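Observations on chain architecture
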Amino acid sequence: MTAGVLLTGAPTHNQTVDWASLNWRKLEGNVRRLQARIVQAVQAGRWNKVKALQRLLTRSFSAKALAVKRVTENKGKRTAGVDGKIWTTPKQKAAAIKSLQSRGYRTQPRRRVYIPKPGSKKQRKLGIPTMKDRAMEALHLQALDPIAETTGDPNSYGFRPKRSTADAIEQCFTVLGRKPSAQYVLEGDIRACFDEISHQWLEANLPLEPRILQQWLKAGVIEAGTLLEVDAGTPQGGIASPAMANLTLDGLELMLQQKFGASQPLKRKNKVNLVRYADDFVRHEARYVHGARAPAANRRAASLSP
């Protein structure tokens, strides 16, 4: 039996899916095995094989079932998109698995909502996709995550599997809590990061099916009954948006290493480190920040908004 048959060897398009009888452990194992092969292909630089394996994964019954499971069990499971539909019954979920086909797929506009921004009076705008669009994002994210995790910056902690804010805090302590550590900290928050990412850059660099990616980026939003076009940014509110933003920002650590030769985290000569959580970051170094010495009581530079 080939890997392709193993991963897609479930009910065919014309057969009935019994949601209650699905073996989730087996389905997860099928997906993990193929994701491991994607990682191996990325490490070997075999990008044609990466694309072939991604295609195999996104066409597999296992990945489709897990995508539907994710969007019907997360916090937004009862929040509908512009079509007003949610999937609550086993019959609807089983039908949803069979509906996740790339051929003929058309993304619907997102429903614009506003939520309070933590620690601020400002509001953050979100675009709520339909259940089917969410499931398609969850499906293709399973093929994107192995690449993002293999190529991602070592000290990037936001919206990544098995990583958390606690890990970012621990890394800050590791690089700052010793005698020879850097004495200055530059804290930054990239202004409107998710909203301003170039669509042209995403289409040229993200390892996703071009037609699918383009539809996500150009779907637009419905606000107050009006369709608004979107010409920049990742679709906030979508499941794949954080991974897309992370892939856009990956490379900051390599840039610092090339500029300062900081190949060792606590190299005595330069002591330059970067810790990032999504679009927030702190940079530690042993020199002045913008020519001004940080106060002894508080060695934090003012927040940047590049």
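Residues numbered from 1 in each chain as written. Predicted model: local features only at pLDDT ≥ 70, side-chain atom pairs only at ≥ 80, totals over all residues. Heavy atoms only, no water.

**Section: the nonpolar core**
It is characteristic of soluble globular proteins that their nonpolar side chains tend to be buried jointly. Leu22, Ile97 and Met244 are the most contacted members of the largest nonpolar core, which totals 51 residues. Secondary structure elements with two or more residues in this core: helix 2 (24-43), helix 3 (47-58), helix 4 (61-71), helix 5 (90-99), helix 6 (131-151), helix 10 (210-218) and helix 11 (241-249). Ranked by the residues each element gives to this core, the list is headed by helix 6, at ten residues. Sequence-distant contacts of methionine 244, defined by excluding residues within four places in its chain, comprise Leu144, Leu202, Leu206, Leu213, Leu217, Thr234 and Pro235. Core analysis: the second largest hydrophobic core is formed by eight residues, Leu249, Leu256, Phe260 and Val272 among them. (Core = buried A, V, L, I, M, F, W, Y, C linked by side-chain atoms within 4.5 Å. Buried < 20%, exposed > 50% of the residue type's maximum accessible area, 1.4 Å probe, protein only. Helix = DSSP H or I, 4+ residues; strand = E, 2+ residues; numbered from the N terminus. Contact = heavy atoms within 4.5 Å.)

**Details of the packing of aromatic side chains**
For the structure shown, the criterion picks out two aromatic pairs. Relative to tryptophan 24, the ring of tryptophan 19 has its centre 5.1 Å away and its plane inclined at 65°; by these criteria the two rings are edge-to-face. Both rings, one in phenylalanine 159 and one in tyrosine 277, keep their centres 6.1 Å apart while their planes meet at 50°; by these two values the pair is tilted. Of this pair, phenylalanine 159 sits in the loop between helix 6 and helix 7 (165-176) while tyrosine 277 sits in strand 6 (residues 273-277), placing them 118 residues apart in sequence. On the basis of relative accessibility, which here comes to 27%, the residue tyrosine 277 falls in the partly exposed class. Over the ring of tryptophan 24 we find lysine 69; its NZ or CZ atom is 5.4 Å from the centre of that ring. (Phe/Tyr/Trp six-rings, centres within 6.5 Å; stacked < 30°, edge-to-face > 60°. Lys NZ or Arg CZ within 6 Å of the ring centre and 35° of its normal.)

**Some remarks on the packing of helix 4 against helix 6**
Interaxial distance between helix 4 and helix 6 falls to 8 Å at its minimum, and their mutual angle equals 125°. On the basis of the axis angle, helix 4 is oblique to helix 6. The hand of the helix 4/helix 6 crossing is right-handed. Note on element contacts: helix 6 touches helix 4 through Met131, Arg134, Ala135, Ala138, Leu139, Leu141 and Gln142, opposite Ala63, Lys64, Leu66, Ala67, Arg70 and Val71. For the contact of helix 4 with helix 6, the residue count by class is nine nonpolar, one polar and three charged. (Axes fitted to C-alpha atoms, helices over the stretch in contact; angles between N-to-C directions. Parallel < 35°, antiparallel > 145°, perpendicular 65-115°, else oblique. Left-handed = near helix turned anticlockwise from the far one by under 90°. Nonpolar A, V, L, I, M, F, W, Y, C, P; charged D, E, K, R; others polar.)

**As for the side chain of serine 156**
Note that serine 156 resides in the loop between helix 6 and helix 7. Judged by relative accessible area, which is 1%, serine 156 ranks as buried. Of the polar contacts made by the side chain of serine 156, one reaches the side chain of arginine 276; its length is 3.2 Å. (Polar contact = N/O pair within 3.5 Å; in protein donor to acceptor, adjacent residues only side chain to side chain.)

**What about the side chain of glutamine 142?**
Within the secondary structure, glutamine 142 is located in helix 6. Non-local contacts of glutamine 142, meaning those with residues more than four positions away in its chain, are made with Val31, Gln35, Leu57, Ala63, Leu66 and Ala67.

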